[in-house]
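A closer look at the structure
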Amino acid sequence: KENGKNCSLSQMVSAPWLQDCVVSLSPCSDLMVVAKGSKAVFLSARWQTDDGGREGMTLAVSWSGTLILTFSPSVFRSSTGRPDWTCIVVGFSSGYVRFYTESGVLLLAQLLNEDPVLRLKCRTYEIPRHPGVTEQHEELSILYPAALVTIDGFSLFQSLRACRNQVARAAAAGSEVVQPPPLAYKKWGLQDMDAIVDHSSVGIMTLCVFDQMRNASILGGFHASVKGSLPAMSQYITVGEDPTQGSSQPLLSHVALAVASKLTSALFTAASGWLGWKKQNEEEPTQKQKPKVEPATPLAVRFGLPDSRRHGESICLSPCNTLAGVTDDFGRVMLLDVGRGIAIRMWKGYRDAQLGWVQVSEGRGESSPSAPLPRRHAQFLVIYAPRRGILEVWGTQQGPRVGAFTVGKHCRLLYAGYRLMGVNSVTSQGWQLHTQQVCLFDPATGALRTVTVPFHLALSDKKSERAKDLHLLKRLTTLLKSRELEPDYLESEAQRVLLDIKHPAIKKQALESLLANKNAPVSCLTNITRLLLASLRGKGTVHCVVVYPVGSFLFWGCLIGESPLQKVCDTLQETGISPQHLLSLLLSVWLHREKEVLKKPKAVRHLHTLLTALSSMKGAVESSWDMQCVSPWWQQVRSACVQSHSAAAALLAAIVAHHAAKDNITSLAETKFQSEWEAVSLELEQWAVCVRQLEDVLALQTLLCVAPLKGTPGGATPHCSVKALLEGGRGGIADSVAKWVFRQDLAPERLKDMLQRRGEAQRTEQPSQPVLREKSQEDADFNRALLVSVCQRFPDSLSPDLLFAHCCWEYVVQWNKYPEEGRYLCCAVEHLKLVSSPHIQLGISSMMWNTFIVKRFSAAAFLMEKVGKAPKDRLCRRDVGMGDGATTSFLGSCVALLQILMEADSGIEEVTPPELCVEEVWGGAEGPASIVELALEQRGIHYPLVQHHCLLATLLHTAMTFNLRVKPLSLFDSKGKSAFFRELVSIQLMPSGDMDPGLVSLRQEFLLRVLTGWVKTQSEAGMAPASTRLDLDSGDEKWPSLCLDLGTLLQVNPDILRRHLVCELYNHGLDPRAEQVMLEVEDKDVLGSQLLVLTGQRLSYSLLHTQTQTKPAMELLARLPPTLCTWLKAMDPSELGCLSVPLSQTSRLVSRLIEILPENHGQYSLALHLLEAVEVLQGED
């Protein structure tokens, strides 16, 4: 800090000082660590505004401090599907490895070896691009001078997350942090190399059958036997120095013959060189954890590239784990084939080079239509030569240099080499964050630049049409910059370039550059445009390439009032271009430049003038046109408007064209009929429908363009058009609004309130005086007014039932993408509850269950049955695809969904199916069936089977809520088990009659544990301060009544549950609640005996087990009958949930006991003695 303010990155570092620092960057490029000696600084990405008012992303100091010893930091992200938090791994010279948060809080520390830490590297999950590629597991590897320690990434991720949560809880409660258990790791002793300075963990690899048979033949000769299974090995590559003398090693006989023949003899005379590959069988047993530092397991060099004079300095593994770049002290950069173990390329003259990799996927428009899936990937090696001040990008394996940049000589090339940790095959789907980037940090300016390489640069000149097109475009741009140029030469060169360019987007860009050039003659532009039109006619790309650029050239000046309209129209008529082509050009520029058109009100008048002029041209509107038919001329205008996504410009064009058409029809009618009657034609009807449709689309587009809430997923704002809505089917409008509801995160009840105010917008009077409101309230009112306006325009397509149904489906689709967001599924169920039609409810809930729910639901049931208790977070993520908290919420939503399904099935007989209507102007909608139409086609359900699943879902939700031990499927007989997870429409044999007493006993025990758990939460909630109480689902008042309902379904005596609830409430000091439940108990004799014991435990604690016994209490003990005194001494107060209960409550409890116990009861006299003792104690107090 300087003067109490955070200094910028450029002010903080200077070039010479930075060269002595260790710098590391997170894979998301949002956290940088700079360290030197015992000092470290953490810099986090922040959006800031500079003194000039320009906004941008900067790296500002978030933490700085002393970390005792020198270290080598490595930064990685942990996530459950999206970026969550950043952990900084720090290696110390003492051998310790410590893990810190972004704010410098220590999470975990462990001594793994007693030597200094040299390098830290991480390997994260990668999606296998091909079926035969082995799926790699996450791993953290720590390099010491003579050892390599590896830690499994999954267990490390779980441990760090648990440590972070524990630190957060300890900080909130003000307590001490509990020391976490040590990490499990493997340590390998690296042999046969004098010095090792860097390493790479390639991951698990398997030999092919040929290599396995070849190795067996070399080792065992002709009679060698080959194992049936292929061995799996973890591969590690190290770089360093050659040993002082060579010697053969036992494992050298396993060396692959794929190594070049000129190195074969050297491999057998030297164990390893400056570069060595190490492999170990994956099936070796894991080292047992010991309190002291574990000894390393020896790991010999399998094969290598020996060179006694060459010393390796660093190694950088490619993202696909097949190539690696290595630097040495000779100023060479070597490209290695990791699988074959050979050097395949070498660059010279790169002393002190720094390396990185860029992996680029082929874009959608870059592959040919016949290209096979999946898309291709290209690898580029980035080399920074600091002594030359140059950054180069090379195509691999034998590709050319595709880019070179002159940079500073004191920069640092930052390449993480890994992605986000904690990502698996499920959460990695749809992953689009630009992780694993290569960045260049320039200390002179403080700028952090990212290296981005287009895919087409990886293709050869013969195959890369895009690269050739870009070269031609660059050539044309250079040509147009030349001022002294012959028009004929310009025309011929421009024609050749435009005809040679293949990609439509680049061809369009080239034509726009040509038309925007002021030095090109008009005749030249006309000839080139005509030639290009002729060449593109029939290819389907004329509009994309030619129409808009030429339209802007011809008409934009007229539209904005800079060119004389009449003169332009006369000139165009003399050119001989057909009016239809001119009309297409005019509409193209009008619809493509919507924002500019809306800023110029006079452009509408100019458009009317141009349309009228074009309509009067010969060949535009036929004089023989029958007014009762549709005019092809005006139909062309309507077609362009209904296809355009620029709703406002299209509506203005339609209104102007409507007036022009009306004037045209009126003039034709006067010449034909010469009467004062107003002409009525089919053309005007078509225009009325078109204008109304465009008005509706503009209102809908305005609603959809409202900015979503920050952090809400859902993709980009959709653009709609009349054609898109007509082709989207009858549910297209409701689907668009449902996506908007999700992006705005509108609560279901709030949406219901908005829909109920449809008619209030017109009746509400505006206030006479201005009212001051907060901006958030103004935004909410504006959104409500927009939604009401759109609903008024679409009364049928956006009826409440249809909109709630589509919102329900949108939320469940988003939940399926992000299962950790349990509230999405809760909102889906709440939207479904608001649907009034049971027919729609039944169909939607059935589709939800079959499409999204049943697979995860069955996985949760089988997992709990397997472990015999509520599973922990790690197991839930593995089997169900979400954490334990999200699983609990998911099971609660399953219960609600199945209950809706049963209620809907019960109500369909009383209500007729709804008729789906659509607005008159949108009656021509054709396309896929809507969600509601599909819902009404669903078959009915088998009610007992749904009830059976609802029972199981309730048991699962209960077990997860109270963290109980239970095997849920074991609570059912064989018929009940076989009926689970079947189609809900199928008829299954259901359990009937009396259940086996053993099963009933298990069910009763489970329900009793549920009641005990609920009472504990009530007691804890009562003792906790009001400010710290949590609104937990386990504290809901519904659970006692739910347990009684479950008892009825599970054939458990409900009176036993009530008695147990009363005893548990008294046990935890909740006497008022216990008295309410006691009124419903039927067997008061048994309850009295149970409460008598509990009263004795309370009195025993007051008389015998308090730390300071009073004199009156001792005197009372002396006066008690011997039988009662002996009975009290036999009581165990430790079983009480609440020891400090007021004597008044105990006295009232004893009075209740005497009331419910009959006088002939065997313990009635004992209850009287207890009442007397309590009254004496209460009197003494």
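As recorded in an unreviewed UniProt entry, the protein chain goes by RAB3 GTPase activating protein subunit 2 (non-catalytic) and comes from Oncorhynchus kisutch. If you open the UniProt record of the protein chain and go to Subcellular location (unreviewed entry), you find "Cytoplasm". Taken from UniProt, the Sequence similarities (unreviewed entry) comment for the protein chain reads in full: "Belongs to the Rab3-GAP regulatory subunit family."

What follows is about the environment of alanine 447. Positionally, alanine 447 belongs in strand 28 (residues 447-450). Beyond its immediate sequence surroundings of up to four residues, alanine 447 is in contact with Leu440, Phe441 and Asp442.

For the rest of this paragraph, the subject is the pattern of salt bridges. By the definition in use, this model includes 33 salt bridges. The network of salt bridges with shared partners includes Arg161, Glu820, Asp873 and Arg877.

Turning our attention to helix 35 (residues 1084-1104). Taking 1.5 Å per residue, 21 residues should reach 30 Å; helix 35 reaches 29 Å between its end C-alpha atoms and fits that length. For helix 35, the capping residue at the N-terminal end is aspartate 1083, with a side-chain oxygen 3.4 Å from the backbone nitrogen of aspartate 1085.

Turning next to the nonpolar core. If you look at the biggest cluster of nonpolar residues, it comprises 223 residues, and the most contacted ones within it are Ile844, Met848, Ile853 and Phe857. When residues in this core are grouped by element, the largest group, 13 residues, is from helix 25 (residues 838-867). If we ignore the near neighbours within four places in the chain, the residues touching isoleucine 844 are Ala805, Cys808, Trp809, Leu832, Ile931 and Ala935. Core analysis: the second largest hydrophobic core is formed by 32 residues, Ala378, Phe380, Val393 and Tyr415 among them.

The next point concerns the sheet that holds strand 20 (residues 333-337). In spatial order, the strands read 18-19-20-21; together these 4 strands make up an open sheet with antiparallel pairing. Among the strands making up the open sheet, the edge pair consists of strand 18 (312-317) and strand 21 (342-347). This sheet shows a mean twist of 25 degrees between the axes of neighbouring strands, independent of strand direction. Where strand 19 (residues 323-328) and strand 20 come together, 5 bridges link them in antiparallel fashion.

Bringing the sheet that holds strand 26 (residues 412-415) into the picture now. Ordered by their spatial adjacency, 3 strands build an open sheet running 26-27-28, and the pairing between neighbours is antiparallel. The strands lining the two open edges of the sheet, one partner per strand, are strand 26 and strand 28. Here the strands of the sheet are splayed against their neighbours by 25 degrees on average, with no regard to which way each runs. Direction of pairing for strand 27 (residues 438-442) relative to strand 28: antiparallel, over a ladder of 4 bridges. Following the sheet pairing, cysteine 439 is matched in strand 28 by threonine 450.

Where helix 33 (residues 1054-1067) meets helix 34 (residues 1071-1078), the closest approach of the two axes is 8 Å, and the angle between their N-to-C directions is 165 degrees. With respect to helix 34, the element helix 33 is oriented roughly antiparallel. Classified by chirality, the crossing of helix 34 by helix 33 is left-handed. Where helix 33 approaches helix 34, its residues Arg1058, Leu1061, Val1062, Leu1065 and Tyr1066 are matched on the opposing element by Asp1071, Arg1073, Ala1074, Glu1075, Val1077 and Met1078. In terms of residue class, the contact of helix 33 with helix 34 is built from 7 nonpolar, no polar and 4 charged.

Put simply, side chains in a regular strand alternate between the two faces of the sheet. Extensive coverage of strand 19 is indicated by the burial of 6 of its 6 residues. Covered by surrounding structure in strand 19 are Leu323, Gly325 and Thr327 together with Ala324, Val326 and Asp328, the residues of both alternating faces. By the bridge criterion, 5 bridges tie strand 18 to strand 19 in an arrangement that is antiparallel. Across the sheet, residue leucine 317 finds its bridge partner in strand 19, namely alanine 324. The hairpin turn running from strand 19 into strand 20, its antiparallel successor, is 4 residues long, and glycine 331 in that turn takes a positive phi close to 80 degrees.

The next thing to look at is the environment of leucine 989. Tracing the backbone shows leucine 989 in the loop between helix 30 (974-979) and helix 31 (997-1023). You can call leucine 989 exposed: its relative accessible area is 67%. Distance in space between the C-alpha atoms of leucine 989 and proline 944 is 9.7 Å, their sequence separation being 45 residues. When near neighbours in sequence (up to four residues on either side) are disregarded, leucine 989 contacts Lys975 and Ala979.

A few words on helix 33. Spanning 14 residues, helix 33 covers 20 Å between terminal C-alpha atoms, matching the ideal 20 Å at 1.5 Å per step. Every buried residue of helix 33 is accounted for by Asp1055, Leu1057, Arg1058, Arg1059, His1060, Leu1061, Val1062, Cys1063, Glu1064, Leu1065, Tyr1066 and Asn1067. The opening residue of helix 33 is asparagine 1053, an N-cap whose side-chain oxygen sits 3.1 Å from the backbone nitrogen of aspartate 1055.

Each aromatic ring pair is summarised here by two numbers: the centre-to-centre distance and the angle between the ring planes. The tally for this structure, following the rule as stated, stands at 15 aromatic pairs. Ring plane angle 75 degrees and centroid distance 5.0 Å describe the contact between phenylalanine 962 and tryptophan 1039, whose orientation is recorded as edge-to-face. Taken together, the residues span a long stretch of sequence, with phenylalanine 962 in helix 29 (residues 943-962) and tryptophan 1039 in helix 32 (residues 1038-1049) at a distance of 77 residues. A relative accessible area of 1% places tryptophan 1039 in the buried class. Look at phenylalanine 972 and phenylalanine 980: their rings are 5.0 Å apart centre to centre, the planes differ by 85 degrees, and that puts the pair in the edge-to-face class. Among the aromatic residues, ring-to-ring pairing joins Trp849, Phe857, Phe862, Phe972, Phe980 and Phe981 into one connected group. The ring of phenylalanine 972 has arginine 1003 sitting right over it, with the charged end atom 5.5 Å from the ring centre. For lysine 1038, the ring lying beneath its charged end belongs to tryptophan 1039, and the centroid distance is 5.0 Å.

So, about the environment of tyrosine 96. Assignment of secondary structure puts tyrosine 96 in strand 7 (residues 96-100). Relative accessible area serves as the criterion here: at 30%, tyrosine 96 is assigned to the partly exposed category. Measuring from C-alpha to C-alpha, the distance between tyrosine 96 and asparagine 113 comes to 7.2 Å, with 17 residues separating the pair along the chain. Not counting the four nearest positions on each side in its chain, tyrosine 96 is found in contact with Val90, Gly91, Gln110, Leu111 and Val117.

Of the strand pairs in this sheet, strand 1 (residues 22-25) and strand 2 (residues 31-36) are connected by 4 bridges, and their pairing is antiparallel. Considered in strand 2, the bridge of leucine 25 is made with methionine 32. Taken together, strand 1 and the strand that follows it, strand 2, pair antiparallel across an intervening segment of 5 residues, in which serine 29 is found at a positive phi of about 60 degrees.

With respect to the element layout, glutamine 1097 can be found in helix 35. What glutamine 1097 contacts, discounting residues up to four positions off in sequence, is Met1131, Asp1132, Pro1133, Glu1135 and Leu1136.

So, about unusual backbone geometry. The residue after threonine 396, namely glutamine 397, is reached through a cis peptide bond having omega 10 degrees. Mapped onto the fold, glutamine 397 is located in the loop between strand 24 (390-395) and strand 25 (401-406). Positive phi, close to 70 degrees, is recorded for aspartate 192, a residue that is not glycine. Relative to the elements of secondary structure, aspartate 192 occurs in the loop between strand 12 (186-190) and strand 13 (195-206). Phi is positive for glutamine 1051, close to 65 degrees, though the residue is something other than glycine. Relative to the elements of secondary structure, glutamine 1051 occurs in the loop between helix 32 and helix 33. Under the relative-accessibility criterion, glutamine 1051 is labelled partly exposed at 34%.

Axis separation between helix 25 and helix 27 (residues 884-907) bottoms out at 9 Å; the angle between their running directions is 145 degrees. You can see that helix 25 and helix 27 cross each other, and the crossing is left-handed. Across the interface between the two elements, Pro838, Gln841, Leu842, Ser845, Ser846, Met848, Trp849, Ile853, Arg856, Phe857 and Ala860 from helix 25 touch Phe890, Leu891, Cys894, Leu897, Leu898, Ile900, Leu901, Ala904, Asp905 and Gly907 from helix 27. Grouping the constituent residues of the contact of helix 25 with helix 27 by class yields 15 nonpolar, 4 polar and 2 charged.

Calculation rules
- Residues numbered from 1 in each chain as written.
- Predicted model: local features only at pLDDT ≥ 70, side-chain atom pairs only at ≥ 80, totals over all residues.
- Heavy atoms only, no water.
- UniProt positions renumbered as here; feature names shortened; annotations may be inferred.
- Helix = DSSP H or I, 4+ residues; strand = E, 2+ residues; numbered from the N terminus.
- Contact = heavy atoms within 4.5 Å.
- Salt bridge = Lys/Arg side-chain N within 4 Å of Asp/Glu carboxyl O.
- Expected span 1.5 Å × (residues − 1).
- Polar contact = N/O pair within 3.5 Å; in protein donor to acceptor, adjacent residues only side chain to side chain.
- Core = buried A, V, L, I, M, F, W, Y, C linked by side-chain atoms within 4.5 Å.
- Buried < 20%, exposed > 50% of the residue type's maximum accessible area, 1.4 Å probe, protein only.
- Pairing = 2+ DSSP bridges.
- Axes fitted to C-alpha atoms, helices over the stretch in contact; angles between N-to-C directions.
- Parallel < 35°, antiparallel > 145°, perpendicular 65-115°, else oblique.
- Left-handed = near helix turned anticlockwise from the far one by under 90°.
- Nonpolar A, V, L, I, M, F, W, Y, C, P; charged D, E, K, R; others polar.
- Phe/Tyr/Trp six-rings, centres within 6.5 Å; stacked < 30°, edge-to-face > 60°.
- Lys NZ or Arg CZ within 6 Å of the ring centre and 35° of its normal.

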